[in-house]
Amino acid sequence: MNESTVEQAWNEARLIPTSGINGAEEQERRATSALLAVMTSVKEFGRSLTKPFGAPAGSVDTYIEVPFVLGEKRLYPDGLIRVSRGQRTWTALVEVKTGNNALVAEQLENYLDIARERSYDAVLTISNEIPAVDGQHPTKVDKRKTRKVALHHLSWTQVLSEAVMQKEFRGVADPDQAWILGELIRYLEHPKSGAMEFEDMSDSWVTVRESVRSATLRNGDKGVAEVASRFDALLRFASLNLGRQLGAEVTPALSRKELAEPALRTQSLIASLCHDGRLEGSIKIPSTVGPMVLTADLRAGTVTCHVDIDAPKEGRATTRVNWLIRQLKNAPDVLRVEAFAAHSRGSGTAELLRDVREDPGSLVADPAREIRMFRVALTSPMGTKRGRGRGSFIDSVLDAIDTFYAHVMQNLKAWSAAPPRMRSDAEATAQQESVAPALISTALSSQDGAEAASVADRRDAQASE
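On a predicted model such as this, the values are computed, not experimentally measured, just so you know. For every chain, the first residue of the written sequence is number 1, and numbering continues from 1 onward in sequence order. Residue-level local features of this predicted model are given only where pLDDT is at least 70; pairs of side-chain atoms are given and counted only at 80 or more, and the full residue set underlies all totals for whole chains, interfaces and linings. With hydrogens and water set aside, each side-chain value is computed from the structure's full complement of heavy atoms.

Participant: Help me understand the pairing of strand 5 (residues 88–96) in this model?
Facilitator: Looking along a regular strand, one sees the side chains alternate between the two faces of the sheet. Buried, partly exposed and exposed residues are distinguished by accessible area as a fraction of the type maximum, computed with a 1.4 Å probe on protein chains only: under 20%, between the cut-offs, and over 50%, respectively. Segments assigned H or I by DSSP are reported as helices when at least four residues long, segments assigned E as strands when at least two residues long, and all are numbered from the N terminus. Across the nine residues of strand 5, seven count as buried, placing the element largely inside the fold. As paired strands, strand 4 (residues 79–85) and strand 5 are joined by seven bridges and run antiparallel to one another. The partner of S84 across the bridge, within strand 5, is T89. At least two bridges found by DSSP between two strands are what make those strands a pair. Here strand 5 pairs with strand 6 (residues 122–127) via five bridges, running parallel. Looking across to strand 6, one finds that L93 is bridged to V123. With strands facing away from the observer, any crossover in which the path from the first strand over the helix to the second runs clockwise is taken as right-handed. In this fold, the crossover linking strand 5 to strand 6 by way of helix 4 (residues 105–117) has right-handed handedness.

Participant: I would appreciate a short explanation of the pattern of salt bridges in the present structure.
Facilitator: A side chain of one charge can pair with a side chain of the opposite charge when the charged atoms of the two come close. The rule for a salt bridge is simple: a side-chain nitrogen of Lys or Arg has to be within 4 Å of a carboxyl oxygen of Asp or Glu. Evaluated as defined, the whole model comprises 24 salt bridges. For the salt bridge of E26 with R30, the shortest nitrogen-to-oxygen distance reads 3.1 Å. Of this pair, E26 and R30 both sit in helix 2 (residues 23–41), four residues apart, roughly one helical turn. For R375, the salt bridge is made with D308, and the minimal N-O distance between the two is 2.7 Å. Residue R375 is found in strand 14 (residues 371–381), and its partner D308 is found in strand 11 (residues 302–310); the two are separated by 67 residues along the sequence. Overall, R375 belongs to the partly exposed group, its relative accessible area being 24%. The class for D308 is partly exposed, based on a relative accessible area of 26%. Here the salt bridges share partners, and the residues they tie into one network are E25, E26, R29, R30 and E65.

Participant: Mind showing me how you'd approach the packing of aromatic side chains here?
Facilitator: Two descriptors summarise a pair of aromatic rings, namely the distance from one centre to the other and the angle between the planes of the rings. For this analysis, a ring pair means two rings from Phe, Tyr or Trp (six-membered ring only for Trp) whose centres lie within 6.5 Å, classed as stacked if their planes differ by under 30 degrees, edge-to-face if by over 60, and tilted for the remaining angles. Under the defined criterion, the tally for this structure stands at three aromatic pairs. With centroids separated by 4.6 Å and ring planes inclined at 35°, the aromatic side chains of W205 and F393 adopt a geometry described as tilted. Here W205, found in helix 7 (residues 205–213), pairs with F393, found in helix 13 (residues 393–407); they are 188 residues apart in sequence, far enough to count as distant. Residues W205 and F393 agree in their burial class; the two are buried.

Next up, the structure:
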(Lines give C-alpha, C1' and ligand atoms only; values in the text may rest on other atoms or scores of the structure.)
Protein backbone atom coordinates (compact mmCIF):
# COMPACT_ATOMS: atom_id res chain seq x y z
CA MET A 1 0.00 0.00 0.00
CA ASN A 2 1.56 3.33 -1.05
CA GLU A 3 1.82 6.35 1.23
CA SER A 4 -0.93 8.39 -0.45
CA THR A 5 -3.43 5.55 0.03
CA VAL A 6 -2.50 5.30 3.70
CA GLU A 7 -2.98 9.06 4.19
CA GLN A 8 -6.50 8.91 2.81
CA ALA A 9 -7.50 6.87 5.86
CA TRP A 10 -6.10 9.46 8.28
CA ASN A 11 -8.47 11.64 10.30
CA GLU A 12 -7.80 15.35 10.01
CA ALA A 13 -7.28 17.12 13.34
CA ARG A 14 -10.40 19.06 14.33
CA LEU A 15 -10.96 21.82 16.85
CA ILE A 16 -13.98 19.91 18.17
CA PRO A 17 -13.33 16.17 17.61
CA THR A 18 -16.03 13.52 17.58
CA SER A 19 -13.62 10.75 18.57
CA GLY A 20 -13.65 9.55 22.14
CA ILE A 21 -17.38 10.08 22.75
CA ASN A 22 -18.52 7.30 25.06
CA GLY A 23 -22.19 7.37 25.99
CA ALA A 24 -24.92 10.00 26.15
CA GLU A 25 -23.44 11.87 29.12
CA GLU A 26 -20.13 12.51 27.34
CA GLN A 27 -22.01 13.40 24.17
CA GLU A 28 -24.10 16.04 25.97
CA ARG A 29 -21.10 17.46 27.83
CA ARG A 30 -19.07 17.88 24.65
CA ALA A 31 -21.96 19.36 22.66
CA THR A 32 -22.68 21.85 25.46
CA SER A 33 -19.08 22.90 25.85
CA ALA A 34 -18.53 23.25 22.10
CA LEU A 35 -21.66 25.33 21.54
CA LEU A 36 -21.17 27.66 24.50
CA ALA A 37 -17.48 28.18 23.73
CA VAL A 38 -18.22 29.15 20.12
CA MET A 39 -21.00 31.51 21.27
CA THR A 40 -18.35 33.33 23.30
CA SER A 41 -15.70 33.30 20.55
CA VAL A 42 -17.89 34.23 17.57
CA LYS A 43 -19.74 37.38 18.60
CA GLU A 44 -22.13 37.41 15.66
CA PHE A 45 -23.21 33.83 16.33
CA GLY A 46 -23.68 34.39 20.06
CA ARG A 47 -25.79 37.44 19.29
CA SER A 48 -27.97 35.59 16.75
CA LEU A 49 -28.87 32.90 19.31
CA THR A 50 -29.52 35.17 22.31
CA LYS A 51 -31.19 38.18 20.66
CA PRO A 52 -34.60 36.48 20.11
CA PHE A 53 -34.80 35.79 23.85
CA GLY A 54 -34.34 39.43 24.86
CA ALA A 55 -30.63 39.48 25.63
CA PRO A 56 -28.80 42.80 25.05
CA ALA A 57 -26.11 43.25 22.40
CA GLY A 58 -23.13 42.84 24.69
CA SER A 59 -20.27 40.58 25.71
CA VAL A 60 -21.14 36.89 26.14
CA ASP A 61 -19.73 34.78 28.97
CA THR A 62 -20.54 31.07 29.20
CA TYR A 63 -19.94 28.33 31.79
CA ILE A 64 -20.63 24.58 31.96
CA GLU A 65 -21.87 22.40 34.84
CA VAL A 66 -22.34 25.27 37.28
CA PRO A 67 -23.26 23.93 40.78
CA PHE A 68 -26.34 25.26 42.59
CA VAL A 69 -28.08 24.34 45.85
CA LEU A 70 -31.87 24.11 45.88
CA GLY A 71 -33.19 23.17 49.31
CA GLU A 72 -31.24 20.07 50.25
CA LYS A 73 -30.37 19.18 46.65
CA ARG A 74 -27.19 20.04 44.79
CA LEU A 75 -27.95 20.51 41.08
CA TYR A 76 -25.72 20.96 38.04
CA PRO A 77 -27.34 22.60 35.00
CA ASP A 78 -25.41 21.80 31.83
CA GLY A 79 -24.48 25.42 31.29
CA LEU A 80 -25.00 29.11 32.00
CA ILE A 81 -25.02 32.07 29.58
CA ARG A 82 -24.49 35.64 30.74
CA VAL A 83 -24.76 38.61 28.36
CA SER A 84 -23.71 42.02 29.72
CA ARG A 85 -23.94 45.52 28.33
CA GLY A 86 -23.35 48.44 30.65
CA GLN A 87 -25.38 47.91 33.80
CA ARG A 88 -27.77 45.48 32.14
CA THR A 89 -27.21 41.72 32.44
CA TRP A 90 -29.18 38.83 30.95
CA THR A 91 -28.59 35.38 32.46
CA ALA A 92 -29.94 31.99 31.44
CA LEU A 93 -29.41 28.46 32.73
CA VAL A 94 -28.92 25.88 29.97
CA GLU A 95 -30.12 22.28 29.82
CA VAL A 96 -28.90 20.14 26.89
CA LYS A 97 -30.05 16.77 25.54
CA THR A 98 -28.62 14.90 22.55
CA GLY A 99 -29.72 11.88 20.55
CA ASN A 100 -33.16 10.59 21.47
CA ASN A 101 -32.96 11.82 25.05
CA ALA A 102 -35.99 13.90 26.03
CA LEU A 103 -36.17 16.83 28.41
CA VAL A 104 -37.51 16.06 31.89
CA ALA A 105 -40.18 18.33 33.39
CA GLU A 106 -39.04 17.89 37.01
CA GLN A 107 -35.47 18.83 36.11
CA LEU A 108 -36.61 21.96 34.24
CA GLU A 109 -38.87 23.02 37.11
CA ASN A 110 -35.91 22.76 39.50
CA TYR A 111 -33.84 25.00 37.22
CA LEU A 112 -36.72 27.48 36.96
CA ASP A 113 -36.77 27.65 40.78
CA ILE A 114 -33.01 28.24 40.87
CA ALA A 115 -33.30 30.98 38.25
CA ARG A 116 -36.15 32.66 40.16
CA GLU A 117 -34.23 32.65 43.45
CA ARG A 118 -31.22 34.30 41.80
CA SER A 119 -33.25 36.69 39.61
CA TYR A 120 -32.01 35.09 36.40
CA ASP A 121 -33.96 35.83 33.24
CA ALA A 122 -34.49 32.44 31.61
CA VAL A 123 -33.93 28.72 31.33
CA LEU A 124 -32.86 27.65 27.84
CA THR A 125 -33.22 24.05 26.69
CA ILE A 126 -31.52 22.50 23.64
CA SER A 127 -32.49 19.09 22.29
CA ASN A 128 -33.54 17.27 19.12
CA GLU A 129 -37.20 17.83 19.97
CA ILE A 130 -38.90 20.21 17.51
CA PRO A 131 -42.13 21.77 18.80
CA ALA A 132 -45.05 22.06 16.38
CA VAL A 133 -45.22 25.85 16.73
CA ASP A 134 -42.32 28.28 17.05
CA GLY A 135 -42.10 29.61 20.61
CA GLN A 136 -43.90 26.60 22.07
CA HIS A 137 -41.88 24.46 24.48
CA PRO A 138 -41.85 20.67 23.86
CA THR A 139 -42.03 19.90 27.59
CA LYS A 140 -45.03 20.74 29.75
CA VAL A 141 -44.09 22.34 33.06
CA ASP A 142 -46.03 24.00 35.86
CA LYS A 143 -47.05 27.38 34.40
CA ARG A 144 -46.58 29.04 37.79
CA LYS A 145 -42.85 28.37 37.45
CA THR A 146 -42.64 30.57 34.34
CA ARG A 147 -44.30 33.68 35.75
CA LYS A 148 -41.00 35.38 36.57
CA VAL A 149 -38.57 33.24 34.55
CA ALA A 150 -38.92 32.60 30.82
CA LEU A 151 -38.56 29.08 29.43
CA HIS A 152 -37.05 28.98 25.91
CA HIS A 153 -36.17 26.11 23.59
CA LEU A 154 -33.83 25.57 20.64
CA SER A 155 -33.65 22.41 18.56
CA TRP A 156 -30.21 21.28 17.40
CA THR A 157 -31.50 21.70 13.85
CA GLN A 158 -32.20 25.36 14.61
CA VAL A 159 -28.76 25.83 16.17
CA LEU A 160 -27.10 24.29 13.11
CA SER A 161 -29.21 26.42 10.77
CA GLU A 162 -28.24 29.60 12.63
CA ALA A 163 -24.56 28.64 12.44
CA VAL A 164 -24.73 28.00 8.68
CA MET A 165 -26.75 31.18 8.06
CA GLN A 166 -24.26 33.27 10.02
CA LYS A 167 -21.14 31.85 8.40
CA GLU A 168 -22.29 31.43 4.80
CA PHE A 169 -24.78 34.25 4.33
CA ARG A 170 -24.74 36.94 7.04
CA GLY A 171 -20.98 36.79 7.46
CA VAL A 172 -18.43 36.81 10.28
CA ALA A 173 -16.06 39.77 10.40
CA ASP A 174 -12.99 37.95 11.72
CA PRO A 175 -11.62 35.13 9.48
CA ASP A 176 -10.38 33.11 12.46
CA GLN A 177 -13.81 33.33 14.11
CA ALA A 178 -15.42 32.22 10.84
CA TRP A 179 -13.16 29.15 10.84
CA ILE A 180 -14.13 28.38 14.46
CA LEU A 181 -17.81 28.59 13.54
CA GLY A 182 -17.13 26.27 10.60
CA GLU A 183 -15.64 23.72 13.01
CA LEU A 184 -18.82 23.82 15.10
CA ILE A 185 -20.87 23.20 11.95
CA ARG A 186 -18.67 20.22 11.04
CA TYR A 187 -19.10 18.82 14.54
CA LEU A 188 -22.89 19.21 14.67
CA GLU A 189 -23.26 17.63 11.21
CA HIS A 190 -21.38 14.51 12.34
CA PRO A 191 -23.63 11.58 13.41
CA LYS A 192 -21.61 11.04 16.61
CA SER A 193 -22.38 14.55 17.89
CA GLY A 194 -25.94 13.55 18.81
CA ALA A 195 -27.37 16.63 17.07
CA MET A 196 -29.81 14.65 14.95
CA GLU A 197 -32.22 15.80 12.28
CA PHE A 198 -35.96 15.14 12.33
CA GLU A 199 -36.10 11.34 12.16
CA ASP A 200 -39.42 9.91 13.32
CA MET A 201 -43.16 10.44 12.76
CA SER A 202 -43.90 8.80 16.14
CA ASP A 203 -44.99 5.32 17.27
CA SER A 204 -48.56 6.07 16.17
CA TRP A 205 -47.72 6.79 12.54
CA VAL A 206 -48.38 3.32 11.08
CA THR A 207 -51.64 2.82 13.00
CA VAL A 208 -52.98 6.25 12.03
CA ARG A 209 -51.90 5.82 8.40
CA GLU A 210 -53.68 2.48 8.09
CA SER A 211 -56.83 3.85 9.76
CA VAL A 212 -56.89 6.72 7.26
CA ARG A 213 -56.69 4.30 4.34
CA SER A 214 -59.54 2.19 5.71
CA ALA A 215 -61.61 5.34 6.48
CA THR A 216 -61.99 4.30 10.14
CA LEU A 217 -60.02 7.09 11.81
CA ARG A 218 -61.84 9.14 14.45
CA ASN A 219 -60.89 12.40 16.16
CA GLY A 220 -60.45 10.81 19.55
CA ASP A 221 -58.33 7.85 18.40
CA LYS A 222 -55.02 7.32 20.15
CA GLY A 223 -52.05 8.89 18.38
CA VAL A 224 -53.99 11.20 16.03
CA ALA A 225 -52.97 14.37 17.89
CA GLU A 226 -49.36 13.16 18.09
CA VAL A 227 -49.17 12.56 14.31
CA ALA A 228 -50.70 16.00 13.64
CA SER A 229 -48.16 17.62 15.95
CA ARG A 230 -45.28 15.72 14.33
CA PHE A 231 -46.41 16.87 10.88
CA ASP A 232 -46.18 20.51 11.98
CA ALA A 233 -42.77 19.76 13.50
CA LEU A 234 -41.74 18.29 10.14
CA LEU A 235 -42.82 21.52 8.41
CA ARG A 236 -40.67 23.51 10.82
CA PHE A 237 -37.73 21.21 10.17
CA ALA A 238 -38.27 21.47 6.39
CA SER A 239 -38.39 25.28 6.70
CA LEU A 240 -35.09 25.35 8.58
CA ASN A 241 -33.55 22.92 6.11
CA LEU A 242 -34.61 24.98 3.08
CA GLY A 243 -33.64 28.25 4.75
CA ARG A 244 -30.17 26.87 5.42
CA GLN A 245 -29.76 26.22 1.69
CA LEU A 246 -31.16 29.58 0.60
CA GLY A 247 -29.67 31.80 3.29
CA ALA A 248 -33.15 33.14 4.05
CA GLU A 249 -35.62 33.10 6.91
CA VAL A 250 -38.06 30.36 5.86
CA THR A 251 -40.93 29.72 8.29
CA PRO A 252 -44.23 27.83 8.44
CA ALA A 253 -47.16 30.06 7.46
CA LEU A 254 -49.64 30.23 10.34
CA SER A 255 -52.53 32.58 11.03
CA ARG A 256 -52.52 34.90 14.03
CA LYS A 257 -55.11 32.73 15.73
CA GLU A 258 -52.99 29.59 15.21
CA LEU A 259 -49.92 31.35 16.59
CA ALA A 260 -51.84 32.56 19.63
CA GLU A 261 -53.61 29.21 20.18
CA PRO A 262 -51.56 26.29 18.79
CA ALA A 263 -54.38 23.92 19.79
CA LEU A 264 -56.54 25.38 16.99
CA ARG A 265 -53.99 24.37 14.40
CA THR A 266 -53.79 20.84 15.82
CA GLN A 267 -57.60 20.53 15.82
CA SER A 268 -57.74 21.67 12.20
CA LEU A 269 -55.14 19.08 11.17
CA ILE A 270 -56.97 16.30 13.03
CA ALA A 271 -60.29 17.21 11.39
CA SER A 272 -58.69 17.22 7.93
CA LEU A 273 -56.91 13.94 8.58
CA CYS A 274 -60.07 12.17 9.76
CA HIS A 275 -62.43 13.62 7.14
CA ASP A 276 -60.24 13.85 4.02
CA GLY A 277 -57.19 11.77 4.93
CA ARG A 278 -54.95 14.80 4.33
CA LEU A 279 -52.28 16.73 6.21
CA GLU A 280 -51.69 20.25 4.89
CA GLY A 281 -49.45 23.18 5.73
CA SER A 282 -47.77 26.20 4.16
CA ILE A 283 -44.25 27.58 4.11
CA LYS A 284 -43.32 31.25 3.72
CA ILE A 285 -40.20 31.94 1.66
CA PRO A 286 -39.01 35.57 1.34
CA SER A 287 -39.35 37.30 -2.06
CA THR A 288 -41.43 34.52 -3.66
CA VAL A 289 -44.81 34.98 -5.36
CA GLY A 290 -46.65 33.34 -2.47
CA PRO A 291 -46.49 30.64 0.20
CA MET A 292 -45.70 27.07 -0.81
CA VAL A 293 -48.61 24.82 0.17
CA LEU A 294 -47.83 21.18 0.92
CA THR A 295 -50.54 18.50 1.01
CA ALA A 296 -49.89 14.91 2.07
CA ASP A 297 -52.79 12.72 0.93
CA LEU A 298 -52.55 9.53 2.97
CA ARG A 299 -55.38 7.86 1.07
CA ALA A 300 -53.97 8.54 -2.38
CA GLY A 301 -50.36 8.07 -1.23
CA THR A 302 -49.18 11.36 -2.75
CA VAL A 303 -47.39 14.53 -1.72
CA THR A 304 -48.34 17.71 -3.60
CA CYS A 305 -46.70 21.13 -3.50
CA HIS A 306 -48.46 24.07 -5.07
CA VAL A 307 -48.27 27.86 -5.28
CA ASP A 308 -50.83 30.42 -6.45
CA ILE A 309 -49.73 33.33 -8.65
CA ASP A 310 -51.82 36.28 -9.86
CA ALA A 311 -52.24 36.48 -13.63
CA PRO A 312 -51.29 39.66 -15.53
CA LYS A 313 -54.02 42.31 -15.44
CA GLU A 314 -53.84 43.08 -19.14
CA GLY A 315 -53.69 41.16 -22.42
CA ARG A 316 -55.74 38.37 -23.89
CA ALA A 317 -56.26 35.09 -22.04
CA THR A 318 -53.70 33.19 -24.14
CA THR A 319 -51.21 36.05 -23.66
CA ARG A 320 -51.50 35.60 -19.91
CA VAL A 321 -51.02 31.85 -20.21
CA ASN A 322 -47.90 32.35 -22.36
CA TRP A 323 -46.53 34.74 -19.72
CA LEU A 324 -46.64 31.90 -17.20
CA ILE A 325 -45.28 29.26 -19.58
CA ARG A 326 -42.19 31.35 -20.33
CA GLN A 327 -41.32 31.31 -16.62
CA LEU A 328 -41.73 27.52 -16.46
CA LYS A 329 -39.41 26.66 -19.34
CA ASN A 330 -37.25 24.39 -17.15
CA ALA A 331 -40.12 22.89 -15.14
CA PRO A 332 -41.05 19.19 -15.53
CA ASP A 333 -43.76 18.25 -18.06
CA VAL A 334 -45.89 16.61 -15.35
CA LEU A 335 -46.43 19.93 -13.59
CA ARG A 336 -50.16 20.65 -13.27
CA VAL A 337 -51.31 24.16 -14.23
CA GLU A 338 -54.75 25.49 -13.32
CA ALA A 339 -56.34 28.74 -14.52
CA PHE A 340 -59.08 30.53 -12.57
CA ALA A 341 -61.30 33.05 -14.32
CA ALA A 342 -62.66 36.20 -12.69
CA HIS A 343 -66.13 35.98 -11.07
CA SER A 344 -66.22 32.19 -11.45
CA ARG A 345 -66.92 29.61 -8.80
CA GLY A 346 -65.42 26.20 -8.24
CA SER A 347 -62.30 24.77 -9.81
CA GLY A 348 -60.76 26.23 -12.94
CA THR A 349 -59.38 24.56 -16.03
CA ALA A 350 -56.40 22.28 -15.43
CA GLU A 351 -53.86 20.70 -17.77
CA LEU A 352 -50.37 19.23 -17.58
CA LEU A 353 -47.60 21.64 -18.51
CA ARG A 354 -46.57 19.57 -21.55
CA ASP A 355 -50.06 20.01 -23.04
CA VAL A 356 -50.22 23.71 -22.22
CA ARG A 357 -46.89 24.24 -23.96
CA GLU A 358 -48.32 22.76 -27.14
CA ASP A 359 -51.68 24.55 -26.87
CA PRO A 360 -51.89 27.55 -24.49
CA GLY A 361 -55.57 27.86 -25.39
CA SER A 362 -56.32 24.58 -23.60
CA LEU A 363 -56.40 26.53 -20.31
CA VAL A 364 -58.89 29.08 -21.65
CA ALA A 365 -62.44 27.89 -21.06
CA ASP A 366 -64.09 31.17 -22.07
CA PRO A 367 -62.09 33.83 -23.99
CA ALA A 368 -64.59 36.47 -22.81
CA ARG A 369 -63.60 35.92 -19.17
CA GLU A 370 -60.24 37.20 -18.04
CA ILE A 371 -57.92 34.86 -16.14
CA ARG A 372 -57.25 36.24 -12.67
CA MET A 373 -55.01 33.55 -11.10
CA PHE A 374 -52.90 30.47 -11.85
CA ARG A 375 -52.13 27.52 -9.59
CA VAL A 376 -48.99 25.51 -10.29
CA ALA A 377 -48.71 22.10 -8.60
CA LEU A 378 -46.32 19.14 -8.57
CA THR A 379 -47.35 15.74 -7.23
CA SER A 380 -44.98 12.94 -6.24
CA PRO A 381 -45.32 9.52 -4.51
CA MET A 382 -45.58 9.59 -0.71
CA GLY A 383 -43.29 7.45 1.42
CA THR A 384 -44.95 5.30 4.08
CA LYS A 385 -42.20 4.49 6.61
CA ARG A 386 -42.18 6.41 9.90
CA GLY A 387 -38.40 7.00 10.03
CA ARG A 388 -35.81 8.33 7.62
CA GLY A 389 -34.36 6.77 4.49
CA ARG A 390 -35.67 5.40 1.24
CA GLY A 391 -39.43 4.96 1.19
CA SER A 392 -39.98 7.13 4.27
CA PHE A 393 -42.69 9.76 4.65
CA ILE A 394 -40.24 12.35 5.99
CA ASP A 395 -37.83 12.06 3.06
CA SER A 396 -40.65 12.16 0.51
CA VAL A 397 -41.87 15.45 1.99
CA LEU A 398 -38.39 16.99 2.13
CA ASP A 399 -37.62 15.92 -1.45
CA ALA A 400 -40.96 17.29 -2.70
CA ILE A 401 -40.30 20.69 -1.12
CA ASP A 402 -36.75 20.97 -2.45
CA THR A 403 -37.75 19.84 -5.96
CA PHE A 404 -40.72 22.18 -6.20
CA TYR A 405 -38.71 25.16 -5.05
CA ALA A 406 -35.78 24.41 -7.38
CA HIS A 407 -37.84 23.76 -10.52
CA VAL A 408 -40.78 26.09 -9.99
CA MET A 409 -40.86 28.67 -7.23
CA GLN A 410 -37.42 30.19 -7.60
CA ASN A 411 -38.21 30.88 -11.29
CA LEU A 412 -41.58 32.58 -10.78
CA LYS A 413 -41.88 36.35 -10.66
CA ALA A 414 -45.00 38.39 -10.02
CA TRP A 415 -46.42 40.38 -12.93
CA SER A 416 -46.00 44.13 -12.92
CA ALA A 417 -47.38 46.64 -15.40
CA ALA A 418 -44.90 48.36 -17.71
CA PRO A 419 -44.32 52.04 -16.81
CA PRO A 420 -46.02 54.59 -19.10
CA ARG A 421 -43.85 55.75 -22.01
CA MET A 422 -43.17 59.37 -22.87
CA ARG A 423 -44.35 60.21 -26.41
CA SER A 424 -41.78 61.31 -28.94
CA ASP A 425 -42.32 64.35 -31.20
CA ALA A 426 -42.88 62.04 -34.17
CA GLU A 427 -45.70 60.24 -32.35
CA ALA A 428 -47.31 63.54 -31.37
CA THR A 429 -47.16 64.82 -34.96
CA ALA A 430 -48.63 61.60 -36.35
CA GLN A 431 -51.51 61.84 -33.90
CA GLN A 432 -52.08 65.50 -34.80
CA GLU A 433 -52.30 64.71 -38.52
CA SER A 434 -54.95 62.07 -37.87
CA VAL A 435 -57.32 64.59 -36.20
CA ALA A 436 -59.68 66.77 -38.31
CA PRO A 437 -58.77 70.52 -38.23
CA ALA A 438 -62.28 71.45 -37.04
CA LEU A 439 -61.70 69.41 -33.87
CA ILE A 440 -58.46 71.17 -32.91
CA SER A 441 -58.91 73.59 -30.01
CA THR A 442 -57.84 77.22 -30.57
CA ALA A 443 -56.21 77.21 -27.16
CA LEU A 444 -52.68 75.89 -26.80
CA SER A 445 -52.38 72.55 -25.04
CA SER A 446 -49.81 69.89 -24.26
CA GLN A 447 -51.78 67.81 -26.76
CA ASP A 448 -50.91 70.21 -29.63
CA GLY A 449 -47.96 69.49 -31.87
CA ALA A 450 -45.33 71.92 -33.15
CA GLU A 451 -47.34 72.72 -36.33
CA ALA A 452 -50.44 73.71 -34.33
CA ALA A 453 -48.30 75.92 -32.10
CA SER A 454 -46.79 77.81 -35.08
CA VAL A 455 -50.28 78.48 -36.55
CA ALA A 456 -51.41 79.93 -33.24
CA ASP A 457 -48.31 82.14 -33.05
CA ARG A 458 -49.04 83.64 -36.53
CA ARG A 459 -52.70 84.27 -35.53
CA ASP A 460 -51.61 86.13 -32.39
CA ALA A 461 -49.10 88.26 -34.36
CA GLN A 462 -51.78 89.36 -36.87
CA ALA A 463 -54.17 90.32 -34.08
CA SER A 464 -51.55 92.55 -32.45
CA GLU A 465 -50.99 94.50 -35.71
